[in-house]
Amino acid sequence: ATLADPLVVQDTSAQALVAPFELTHRVETMALCNDVSLDGTLGLALPLDRDIPEGGIVSSAIALGDVQARASNLFSQTTDVSGQFPDSLSADPTNARVNDLDYPFLMDSRGAVKDKWKIKFKSVTAFDVFSERRGAVISGSIIEDLSPINPVSGVPYFTIRQEAWGSSGWSTGNIVRFDTAPAAAPVWAMRSIQPGPTALEVDSFSLQARGDTDQ
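Because the structure is predicted, anything quoted here is derived from the model rather than measured.

So, about the overall build of the chain. Regarding its fold elements, the chain presents zero helices and seven strands. Put simply, the chain runs from its N terminus to its C terminus through helices and strands in the order β-β-β-β-β-β-β. Once the C-alpha set of the chain is aligned to its principal axes, its extents read approximately 70 × 50 × 35 Å. Looking at the 215 residues of the chain, the share that counts as buried comes to 22%. Nonlocal contacts in the chain, meaning residues at least 24 apart in sequence, comprise 53% of its contacts between residues at least 6 apart. On the chain, the mean spot of the 16 positive side-chain charges and the mean spot of the 27 negative ones are 9 Å from each other.

What follows is the structure in structure tokens.
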């Protein structure tokens, strides 16, 4: 590769970085590991397709499969019995319904979070929106789209379109419950070190998330 001359290298806030720079080039091969020995020897299910030079780094990967920002467990009931975030009906269902079949929730992976949500009506049209983790979030109405903004990313947690509410049927005290999840999965990282004298002056690890998108 050829670098520009003069070369300007900036950080994410457009501040120029000062030379000298250290560039790292990476060529990797992915293979299924089926055995790990205490002496550090790895057993592979298939041979590598290239030679790995001395000093090469071995990393492990967790395959999460297909993930998508989504809303689930949607239901509505006549009254808020416990004041909490029930996972199923704890009172009579409402006559009105949120029509998520014709007007599904609009979700963006940048704004979606893992949380439980409750919408509580304070009149036949107006309501307040609560999050189990974030408390009171926003007020809204069935005569307009509902798009509470995630302050971290600046895009909505979700959007419920105006048409999904219907034109009537809601009453004061009704609640709508649903859950949201981002296009992600929880991961725990655990580091295991064999007992013994220190052999390295500097020891570290890095964690990287990567993937592809079809949108």
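Don't stop here, the text continues.
On to the sheet that holds strand β4 (residues 115-121). Reading across from one edge, β3-β7-β4-β5-β6 is the order of the five strands in this open sheet, with antiparallel pairing throughout. Looking along the sheet, the strands with just one partner apiece sit at the ends: β3 (70-77) and β6 (135-141). Across the sheet, the mean angle from the axis of one strand to that of its neighbour is 20°, orientation sign disregarded. Two elements, β4 and strand β7 (residues 175-181), share six bridges in a ladder whose sense is antiparallel.

On to the pattern of salt bridges, then. A complete count under the given rule lists nine salt bridges for this structure. Salt-bridge contacts for Asp-49 lead to Arg-50; the nearest nitrogen and oxygen are separated by 3.9 Å. For Lys-122, the salt bridge goes to Asp-128, with nearest N and O atoms at 3.1 Å. Residue classification places Lys-122 among the partly exposed positions, given a relative accessible area of 46%. A single salt-bridge network, built from bridges that share partners, covers Asp-87, Lys-116, Arg-177 and Asp-179.

This next bit is on the packing of aromatic side chains. Scanning the entire structure with this criterion turns up ten aromatic pairs. Centre to centre, the rings of Phe-105 and Phe-158 are 6.3 Å apart; their planes meet at 35°, and the pair counts as tilted. Taken as a pair, Phe-105 in the loop between β3 and β4 and Phe-158 in the loop between β6 and β7 lie far apart in primary sequence, 53 residues in all. You can call Phe-105 buried: its relative accessible area is 13%. Relative to Trp-170, the ring of Phe-121 has its centre 4.8 Å away and its plane inclined at 10°; by these criteria the two rings are stacked. Taken as a pair, Phe-121 in strand β4 and Trp-170 in the loop between β6 and β7 lie far apart in primary sequence, 49 residues in all. Within the aromatic cluster, the residues linked to one another by ring pairs are Phe-105, Trp-117, Tyr-157, Phe-158 and Phe-178. Sitting over the ring of Phe-85, Lys-118 keeps its end group 4.8 Å from the ring centre.

So, how was this worked out
- Residues numbered from 1 in each chain as written.
- Predicted model: local features only at pLDDT ≥ 70, side-chain atom pairs only at ≥ 80, totals over all residues.
- Heavy atoms only, no water.
- Helix = DSSP H or I, 4+ residues; strand = E, 2+ residues; numbered from the N terminus.
- Buried < 20%, exposed > 50% of the residue type's maximum accessible area, 1.4 Å probe, protein only.
- Contact = heavy atoms within 4.5 Å.
- Lys, Arg positive; Asp, Glu negative; His and termini not counted.
- Charge placed at Lys NZ, Arg CZ, Asp CG, Glu CD.
- Pairing = 2+ DSSP bridges.
- Axes fitted to C-alpha atoms, helices over the stretch in contact; angles between N-to-C directions.
- Salt bridge = Lys/Arg side-chain N within 4 Å of Asp/Glu carboxyl O.
- Phe/Tyr/Trp six-rings, centres within 6.5 Å; stacked < 30°, edge-to-face > 60°.
- Lys NZ or Arg CZ within 6 Å of the ring centre and 35° of its normal.

These figures capture arrangement, not role.
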